[in-house]
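Inside the fold
Spelled out from the first residue to the last, the chains are:
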Amino acid sequence: FSVLDFATETLIGQTEGNSQNYGAASPTAARAIGYDPIRNEGIYFYEYINPAAPHYLGQTPAGVEPEADCPRRVTISPDGRRAVITNVLSGNAVLLNLETLAVEATFPISPRPQDVAITSDSRWAVVCAMENNEVDIIDLEAGAIVASVPTNTRPSLLSILPDDSRAMVATIQGNTVSVVRLAGAAS
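Reference entry: report on the structure contained in this document.

Rules used in this analysis
- Residues numbered from 1 in each chain as written.
- Predicted model: local features only at pLDDT ≥ 70, side-chain atom pairs only at ≥ 80, totals over all residues.
- Heavy atoms only, no water.
- Phe/Tyr/Trp six-rings, centres within 6.5 Å; stacked < 30°, edge-to-face > 60°.
- Helix = DSSP H or I, 4+ residues; strand = E, 2+ residues; numbered from the N terminus.
- Buried < 20%, exposed > 50% of the residue type's maximum accessible area, 1.4 Å probe, protein only.
- Lys, Arg positive; Asp, Glu negative; His and termini not counted.
- Salt bridge = Lys/Arg side-chain N within 4 Å of Asp/Glu carboxyl O.
- Polar contact = N/O pair within 3.5 Å; in protein donor to acceptor, adjacent residues only side chain to side chain.
- Contact = heavy atoms within 4.5 Å.
- Patch = residues over 30% accessible without salt bridge, like charges linked within 9 Å, V, L, I, M, F, W, Y side chains within 5 Å.
- Areas by Shrake-Rupley, 256 points an atom, 1.4 Å probe, with all protein chains shown as cover.
- 1 Å grid on protein atoms, 1.4 Å probe; cavity = no way out; pocket = protein on both sides within 12 Å on 5 of 7 lines; lining within 4 Å.
- Points joined across faces, edges and corners; volume = space filled by probe spheres on them.
- Nonpolar A, V, L, I, M, F, W, Y, C, P; charged D, E, K, R; others polar.
- Core = buried A, V, L, I, M, F, W, Y, C linked by side-chain atoms within 4.5 Å.
- Pairing = 2+ DSSP bridges.
- Axes fitted to C-alpha atoms, helices over the stretch in contact; angles between N-to-C directions.

Moving on, we get to the packing of aromatic side chains. Enumeration over the complete set of coordinates arrives at five aromatic pairs. Taking the centre distance of 6.3 Å and the plane angle of 45° together, the rings of Phe1 and Tyr48 count as tilted. Linking Phe1 in the segment before β1 (2-5) with Tyr48 in the loop between β5 (40-47) and β6 (55-61), this pair joins segments that are 47 residues apart in sequence. The two residues Phe1 and Tyr48 agree in class, both being buried. Between Tyr22 and Tyr35, the ring centres sit 5.3 Å apart and the planes meet at 25°, which makes this aromatic pair stacked.

Take the side chain of Asp136 next. If you trace the backbone, Asp136 turns up in strand β13 (residues 134-139). Buried charge without a partner: Asp136 forms no salt bridge, and the closest opposite charge is Arg154, 15 Å away. Engagement of the side chain of Asp136 in a polar contact is seen with the side chain of Ser148, the distance being 2.7 Å. Non-local contacts of Asp136, meaning those with residues more than four positions away in its chain, are made with Pro108, Ile109, Ala125, Val126, Val127, Ala129, Ile145, Ala147 and Ser148.

Quick look at a nonpolar patch on the surface now. A grouping of Leu161, Met168, Val177 and Val179 is seen on the molecular surface, where their side chains present a nonpolar patch of about 320 Å² in accessible area. Structurally, the position occupied by Leu161 is in the loop between β15 (155-160) and β16 (166-171). The class of Leu161 is partly exposed, set by a relative accessible area of 32%.

A few words now on the pattern of salt bridges. A complete count under the given rule lists nine salt bridges for this structure. Among the salt bridges present, the one from Asp79 reaches Arg81, with a minimum N-O distance of 3.7 Å. Here Glu99 makes a salt bridge to Arg81, at a shortest N to O gap of 4.0 Å. Highlighted residues: Glu99 in the loop between β9 (92-97) and β10 (102-108) and Arg81 in the loop between β7 (71-76) and β8 (82-87), separated in sequence by 18 residues. Taken together, the salt bridges that share partners define one network made up of Asp79, Arg81, Arg82, Glu99, Glu104 and Glu141.

Once that is clear, we can look at the layout of surface pockets. There is about 240 Å³ of room inside the largest pocket. Put simply, the parts of the chain that give the lining of the largest pocket at least two residues each are β1, β3 (22-25) and β4 (31-36). Here the lining of the largest pocket gets four residues from one element, more than from any other, and that element is β3. Taken together, the residues of the lining of the largest pocket break down into 10 nonpolar, five polar and no charged.

Quick look at the nonpolar core now. Counting 14 residues, the largest nonpolar core has Val135 and Ile137 as the members making the most contacts within it. At the level of secondary structure, the elements contributing two or more residues to this core comprise β12 (124-129), β13, β14 (144-150), β15 and β16. The biggest single contributor to this core is β12, with three residues. The contact partners of Ile137, leaving out residues within four places of it in the chain, are Trp124, Ala125, Val126, Ala144, Ile145, Val146, Ala147, Val149, Leu182, Gly184 and Ser187. Ala93, Leu95, Val116 and Ile138 belong to the second largest nonpolar core, which has 13 residues in total.

The subject of this paragraph is the sheet that holds β14. Within a sheet, each strand pairs with its neighbour through backbone hydrogen bonds, oriented either parallel or antiparallel. Strands sit in the order β11-β12-β13-β14 across an open sheet of four strands; the sheet is antiparallel. Two strands lie at the open edges of the sheet, namely β11 (116-118) and β14, each paired on one side alone. Taking each pair of neighbouring strands and ignoring which way they run, the sheet shows an average axis angle of 20°. Where β13 and β14 come together, six bridges link them in antiparallel fashion. Following the sheet pairing, Asp136 is matched in β14 by Ser148.

Right, let's get into the pairing of β15. Where β15 meets β16, five bridges bridge the pair, whose relative direction is antiparallel. Note that in β16 the partner of Pro155 across the bridge is Thr171.

Here it is in structure tokens:
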């Protein structure tokens, strides 16, 4: 997000981090929005009261729930009752009941959620929240995110050990593997 001075044709201030190619500025306040429908369905909010130091305020989904666009990964629980699907553009994960084919819950994960795995008892899902540098632990019975565990930079792939004690999480920017001890909400 950049603030430009049209009179001098110079860049005054900038904040980095969100991919965007469209935007609009408020005609009455020092606020603006930006978005990029190809990479994320969120609308980013900014204020630039101090044009030399614009400030990112956060984002909100651009569509109506259950907003689930551009599936990235899907995994089916070992008992065959549920599937968890991560959706890159929507920044969420969907819990799907495979017996009724109904969406049970939609979870906000982060921009660009990646891989997902389910424990062997079909109780817990682990989702890579790439842009938040964490994995989210989902209680599939309660239909809720119960923990967010920090990892190294940009977790993208994961695998759960056969005894469900740990998740091995590959981080593409950190070029490492983070090890997450799994214990439900206490992970």
